[in-house]
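One-letter residues, chain by chain:
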Amino acid sequence: MHNYKTTRRAFRLYHSYNPHYFPLRLFQILFTNLTPFFTLWMSAEIVTALYEKKTKEELFLLVAITLCGKLFIHVMGAILGRCVDNALKQLEHNEAAAFNKKTLSLDYDKLENPEVRHLRRKIVENSWINCYGVTNMRWCLENLITYLVNILYCSVLFVEMVSLIAKLSFDIRGILLLVAIVTCVVLTVVIQSRCGKKQAAAWERSGDLLLRENRLGGGYSQSGMDSRFYKQQAIVEQVDRELSKEHKRLYSEINYIDFALRIPSYLSSKASELCSYLLIGLYCTLGAFPVGSVIKYVGYLGILTNNIGMLFYTLSSLKTNEQFLETYLEYFDIQNDMYQGSLSVEKRSDKQFDIEFKNVSFRYSGSEDFALKDINLNLKVGERLAVVGQNGSGKTTFIKLLCRLYDPTEGEIHMNDFNVRKYDYRQYLDLFSVVFQDYNLLAMPLGNNVASSETWDAVKAEQMLYEVGFGERYEEMPKKLETSLYKNFDEEGVNVSGGEAQKIALARALYKDAPFIILDEPTAALDPIAEAEIYSKFDEIVGDKTAIYISHRLSSCRFCDKIAVFDQGRIVQVGTHEELLTNTEGKYYELWNAQASYYA
Ligand code: ADP
């Protein structure tokens, strides 16, 4: 017997997103599922009254009770339906919010970890197919409750029927018919469960298929430009044809299970219905209950057998869904293990923050090689440090360690003589304004983007935008700082080019006014003129802050106090531009000459 441990765990988590939803839904099911029972009950009463030639008034009363009762159930059902819908919206909203919150609260190394990314992607993709995961669990649980409530209602009436029969003398035909009904029900249950298992397995395979189709479609539409030049269309169409064949095969299998395999279950449920008619007809003629009850009891028995079968079918669906719930829970179980210190970062108006890397080495999780090895570097307040080196030499990793997105594998980073791990993490992050290469702007008003907050200081925000050279474009913006970026949430939003977006990201970094400003290839999307403009101004803009620049273009870094040259994860040279150029054997000289030859 399966214990549904994963479902129980996932349910507790899901239920916590809105604890009102399931009680409300249960109440709704209890209420609305009364309709068929009430209708059958009242129909039986009316038929019996007709058979017994009751007065017009009595008949009218029965019809009135039936109509009013149905109206009452209907109105109550509609009111409850509204409450349930609202609760469901809240539940779904909170579930999505909890998922996003989990993602945002992950340690950065976990967030970047390919396995964690894969897990997150799987959860999203699973939800596209048959809503596998928590939504599928909700469907199954709601169906289970529905079937159980129906079985409960039927059982009450079944007991009533048996007690009426028990008042009569023993009849072997009745016993035989009852055995036949039970046999048919068991048969239906077995067939339904087997169908459930087979169908679940087929759906699971169809899930994989749908994912592949989806990825193919996504990938193809994204590579629209490449496909024109490299004639990729034929390859994609070939894969698409194969997927279509598989699709057809799989769906005919699902249809086969749906129709062909369900025929025996349909036949056995009809056989049980026939036996029910015979059994109830028999006891009716023997005088156990009035003629109208034939309708009632046959109807109840039909609902009972059908719901028992569906209950088992749903249990097997719930079991199939458990593997998707495991993926979901695995994501929520990821623990953050980055050390969180409590030392308060001194709020120094003189911005006296000195940083020292002491024998720092770093290896990405899952990687064999060190991305940084034995880094020793001192950074004094107000300094301008340029970090240069070829692609993959470790420049970005160095910055990510400095900002504590990762902790060193070996060695320590100190700020004002304390290991940076000891500082309060949020306060430490507040010291840095960083523009990474893969910065992200929000599809929100420009003011929100520059200030990174719900409100903004308009004068300061505008000043920053002008300083980074966004002024001309800003003047064209219809609603100035209120202008939405992109059109995701606002039809009147504006699209910005890569260079313009980079300028906004620079303005955001300046607006933050943190003691450290770090620019990782800040001008990669800018044209050479804009780049030169920014660099010539930046020294002035940055003022007394400590600034670190990473740039491919060595000419941009000439003005820096200190240049650290990275090569294969190590710092191979440190010095000013002039000092470094004197060493004609050095890496800097080699890089400088390589670039100078392009410009020559
Ligand atoms: P740079 O900024 O100089 O181009 P990086 O710091 O990005 O170099 O990369 C340094 C090394 O670390 C490279 O070998 C790169 O492949 C590796 N690396 C960078 N990011 C990751 C990551 N998230 N996981 C594993 N290896 C990484």
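Just above, that's the structure.
Worth saying up front: this structure is predicted, and the values here are computed from it rather than measured.

J.: Summarise the packing of helix α7 (residues 134-166) against helix α12 (residues 293-332); cite the residues concerned and give the values.
T.: Two numbers describe how α7 lies on α12: the axes approach to 7 Å, and their chain directions differ by 155°. Classed by the angle they form, the pair α7 and α12 counts as roughly antiparallel. α12 is crossed by α7, and the crossing has left-handed handedness. Its residues placed into classes, the contact of α7 with α12 shows 25 nonpolar, nine polar and two charged.

J.: Help me get a handle on the nonpolar core, residues and values and all.
T.: Generally speaking, a soluble globular protein has its nonpolar side chains buried in company with each other. Ranked by size, the top nonpolar core spans 59 residues in total, and within it M161, I280, F289 and Y331 carry the most contacts. Of the residues forming this core, the biggest block, 14 residues, is contributed by α12. Once residues within four sequence positions are removed from consideration, Y331 is found in contact with F99, K102, T103, L106, V116, L119, R120 and I123. Core analysis: the second largest hydrophobic core is formed by 42 residues, V388, A547, Y588 and W592 among them.

J.: Describe a positive patch on the surface, naming the residues involved and giving the relevant values.
T.: Where like charges cluster on the molecular surface, the positive patch consists of R194, K197, K198 and K319. It is helix α8 (residues 172-222) that contributes the most residues to the positive patch, three residues altogether. Following the sequence through the fold, K198 ends up in helix α8. On the basis of relative accessible area, K198 is assigned to the partly exposed category, the value being 39%.

J.: Requested: an account of helix α11 (residues 262-285), with residues and values cited.
T.: Each full turn of the α-helix corresponds to 3.6 residues, which orients residues three or four apart in the same direction. Here α11 contains 24 residues, and its C-alpha end-to-end distance of 34 Å stays within 8% of the 34 Å for a straight helix at 1.5 Å per residue. Of the residues making up α11, those classed as buried are R262, S265, S268, S269, S272, C275, S276, L279, I280, L282, Y283 and C284. Looking one or two residues beyond α11, the residue adopting positive phi is G287, at roughly 90°.

J.: If you had to explain empty space enclosed by the protein to someone new, which residues and values would you point to?
T.: What the rule picks out here adds up to one cavity of 30 Å³ or more. By volume, the largest cavity amounts to about 40 Å³. In terms of lining, the largest cavity is formed by C154, L157, F158, M161, Y297, Y300, L301 and L304. Taken together, the elements giving at least two residues each to the lining of the largest cavity come down to α7 and α12.

J.: Outline the state of the cysteines, supporting the account with residue identities and numerical values.
T.: Here is the idea: a disulfide is a covalent bond, and it sits between the sulfur atoms of two cysteines. According to the stated counting rule, one finds zero disulfides in the structure shown. Not part of a disulfide, C131 finds its nearest cysteine sulfur in C140, a span of 11 Å.

J.: Break down the sheet that holds strand β8 (residues 546-550) for me, citing the residues and quoting the values.
T.: Reading across from one edge, β6-β7-β8-β3-β9-β10 is the order of the six strands in this open sheet, with mixed pairing throughout. Since the sheet does not close on itself, it has two edges, and those belong to β6 (432-435) and β10 (570-575), each with one partner. Ignoring strand direction, the axes of neighbouring strands in this sheet form an average angle of 15°. Examined bridge by bridge, β6 and strand β7 (residues 516-520) share four bridges and lie parallel to one another. Residue pairing in the sheet places F432 in a bridge with F516 of β7. The strands touched by helix α18 (residues 498-512) are β6 and β7; relative to β6, the strand with the most contacts, the crossing angle is about 175°.

What counts and what doesn't
- Residues numbered from 1 in each chain as written.
- Predicted model: local features only at pLDDT ≥ 70, side-chain atom pairs only at ≥ 80, totals over all residues.
- Heavy atoms only, no water.
- Axes fitted to C-alpha atoms, helices over the stretch in contact; angles between N-to-C directions.
- Helix = DSSP H or I, 4+ residues; strand = E, 2+ residues; numbered from the N terminus.
- Parallel < 35°, antiparallel > 145°, perpendicular 65-115°, else oblique.
- Left-handed = near helix turned anticlockwise from the far one by under 90°.
- Nonpolar A, V, L, I, M, F, W, Y, C, P; charged D, E, K, R; others polar.
- Core = buried A, V, L, I, M, F, W, Y, C linked by side-chain atoms within 4.5 Å.
- Buried < 20%, exposed > 50% of the residue type's maximum accessible area, 1.4 Å probe, protein only.
- Contact = heavy atoms within 4.5 Å.
- Patch = residues over 30% accessible without salt bridge, like charges linked within 9 Å, V, L, I, M, F, W, Y side chains within 5 Å.
- Areas by Shrake-Rupley, 256 points an atom, 1.4 Å probe, with all protein chains shown as cover.
- Salt bridge = Lys/Arg side-chain N within 4 Å of Asp/Glu carboxyl O.
- Lys, Arg positive; Asp, Glu negative; His and termini not counted.
- Charge placed at Lys NZ, Arg CZ, Asp CG, Glu CD.
- Expected span 1.5 Å × (residues − 1).
- 1 Å grid on protein atoms, 1.4 Å probe; cavity = no way out; pocket = protein on both sides within 12 Å on 5 of 7 lines; lining within 4 Å.
- Points joined across faces, edges and corners; volume = space filled by probe spheres on them.
- Disulfide = S-S within 2.5 Å.
- Pairing = 2+ DSSP bridges.

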